[in-house]
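# Analysis of the macromolecular model
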Amino acid sequence: MSVADESRGRAERIRAKAQEMQEAADRASDPQERDRLKDKARRLRERSDQVTTKGDGSMNPL
């Protein structure tokens, strides 16, 4: 398995976890809990993007 494949798999797992957090936020009745879960989902998506960028050998434009 190549490094790119490993990175892609890791990014997919992180994205799945982010989706779980977003769905939990959508179900949360407490506004503070909803915000906390949405923030966690956002951070996981950002981390997934970083893993994907590092794994594919491209440079981050930022």
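Rules and cut-offs
Residues numbered from 1 in each chain as written. Predicted model: local features only at pLDDT ≥ 70, side-chain atom pairs only at ≥ 80, totals over all residues. Heavy atoms only, no water. Helix = DSSP H or I, 4+ residues; strand = E, 2+ residues; numbered from the N terminus. Buried < 20%, exposed > 50% of the residue type's maximum accessible area, 1.4 Å probe, protein only. Patch = residues over 30% accessible without salt bridge, like charges linked within 9 Å, V, L, I, M, F, W, Y side chains within 5 Å. Areas by Shrake-Rupley, 256 points an atom, 1.4 Å probe, with all protein chains shown as cover. Salt bridge = Lys/Arg side-chain N within 4 Å of Asp/Glu carboxyl O. Lys, Arg positive; Asp, Glu negative; His and termini not counted. Charge placed at Lys NZ, Arg CZ, Asp CG, Glu CD. Core = buried A, V, L, I, M, F, W, Y, C linked by side-chain atoms within 4.5 Å. Contact = heavy atoms within 4.5 Å.

## Some details on the environment of Glu 6
- Within the element layout of this structure, Glu 6 appears in helix α1 (residues 3-27).
- The exposure class assigned to Glu 6 is partly exposed, which follows from its relative accessible area of 47%.
- When the C-alpha atoms of Glu 6 and Val 51 are compared, they prove to be 9.9 Å apart, with 45 residues separating the residues in sequence.

## Observations concerning a positive patch on the surface
- Side chains of Arg 10, Arg 13, Arg 47 and Lys 54 sit close together on the surface and give a patch of like positive charge.
- Contributions of two or more residues to the positive patch are made by α1 and α2 (31-55).
- Locating Lys 54 in the fold gives a position in helix α2.

## Some words on the pattern of salt bridges
- Summed over all chains, the structure comprises 6 salt bridges.
- Residue Glu 33 pairs with Arg 36 through a salt bridge whose shortest N-O separation is 2.9 Å. Within this pair, Glu 33 and its partner Arg 36 are both found in helix α2, separated by 3 residues, close to a single helical turn.
- The exposure class of Glu 33 is partly exposed, given its relative accessible area of 30%.
- Judged by relative accessible area, Arg 36 falls into the partly exposed class, the value being 43%.
- Residues joined in a network through salt bridges with shared partners are Asp 39, Arg 42, Arg 43 and Glu 46.

## Points about the nonpolar core
- Ala 11, Ile 14, Ala 18, Met 21, Ala 25, Ala 28, Leu 37, Ala 41, Leu 44 and Val 51 form the largest nonpolar core, which has 10 residues in total.
- Where this core is concerned, the elements lending two or more residues are α1 and α2.
- A total of 5 residues in this core trace back to one element, the largest contributor, which is α1.
- Apart from residues no more than four positions distant in its own chain, Leu 44 is found in contact with Ile 14, Lys 17, Ala 18 and Met 21.

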